[in-house]
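Below, each chain spelled out in residue letters.
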Amino acid sequence: MAGYQRKKRKMTAEINVVPYIDVMLVLLIIFMVTSPFVTQGVEVELPKTESAQSAQEMAGDSDASFIIVEIDRDGNLGLSVNDEEVMRGISLQDLIVRVKAEISINPKSPVAVGGDAATPYAEIVLLLDELSRAGIPKVGLLTDIKE
């Protein structure tokens, strides 16, 4: 038995990384699946500005009328000229005809679109696009002034 020698194994300190790779791949798949749901439906407050001009400053001269087109959260349209409500709950075509008539009377009249804070952004963009296609040269957005 003198010829039998036991093999001595060297002890090596290695980390088995295969289970960690499996865990990381599972986490990656979970994040990839859940990330589209996190970015949808973010509620934001519409911005307020300190450099906003008042309606009288925008209108410039005293005989120019200031036209305000309003849209509420339900999509109902309204029109005001010089802070006097002209129409409420009208169709988009009627609103465009009335705005064009006011612009033809006084071409220097600024037009501003005001939307409720709960109005979907797509509704406001659609209104701005329709006013632009109707030939209204300059349209602004109404904001609240920071206190």
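It should be noted that the structure appears before, not after, this text.
Residues numbered from 1 in each chain as written. Predicted model: local features only at pLDDT ≥ 70, side-chain atom pairs only at ≥ 80, totals over all residues. Heavy atoms only, no water.

Enquirer: Now, about the pattern of salt bridges: what can you tell me, with residues and values included?
Expert: Applying the stated criterion across every chain, the model contains three salt bridges. Put simply, Glu102 and Arg98 hold a salt bridge, and the shortest N to O gap is 3.4 Å. Of this pair, Glu102 and Arg98 both sit in helix α3 (residues 92-105), four residues apart, which is roughly one turn of that helix. A relative accessible area of 12% places Glu102 in the buried class. Taking relative accessible area as the criterion, Arg98 reaches 28% and is therefore assigned partly exposed. With its nearest N and O atoms 2.3 Å apart, the salt bridge here joins Arg133 to Glu130. Within this pair, Arg133 and its partner Glu130 are both found in helix α4 (residues 121-133), separated by three residues, close to a single helical turn. Accessibility expressed as a relative area gives 59% for Arg133, which makes it exposed. (Salt bridge = Lys/Arg side-chain N within 4 Å of Asp/Glu carboxyl O. Helix = DSSP H or I, 4+ residues; strand = E, 2+ residues; numbered from the N terminus. Buried < 20%, exposed > 50% of the residue type's maximum accessible area, 1.4 Å probe, protein only.)

Enquirer: Lay out the packing of α3 against α4 with the relevant residues and their values.
Expert: For the pair α3 and α4, the least separation of the axes is 11 Å and the interaxial angle reads 45°. With respect to α4, the axis of α3 lies oblique. For the crossing formed where α3 meets α4, the hand is right-handed. For the pair formed by α3 and α4, the contact residues are Leu92, Leu95 and Ile96 on the first element and Leu127, Glu130 and Leu131 on the second. (Axes fitted to C-alpha atoms, helices over the stretch in contact; angles between N-to-C directions. Parallel < 35°, antiparallel > 145°, perpendicular 65-115°, else oblique. Left-handed = near helix turned anticlockwise from the far one by under 90°. Contact = heavy atoms within 4.5 Å.)

Enquirer: Pulling in residues and values, what's your account of the pairing of strand β4 (residues 111-115)?
Expert: Of all five residues that make up β4, four are buried, and the element is covered over most of its length. One ladder, built from five bridges, connects strand β1 (residues 67-71) with β4; its direction is parallel. Along β4, the bridge assignment pairs Glu70 with Gly114. Sheet topology places β4 next to strand β5 (residues 139-141); three bridges connect them, and they run parallel. Each bridged residue has a counterpart across the sheet, and for Ala112 the counterpart in β5 is Gly140. Each parallel crossover has a hand, and for β4 linked through α4 to β5 it is right-handed. (Pairing = 2+ DSSP bridges. Right-handed = clockwise from strand over helix to strand, strands pointing away.)

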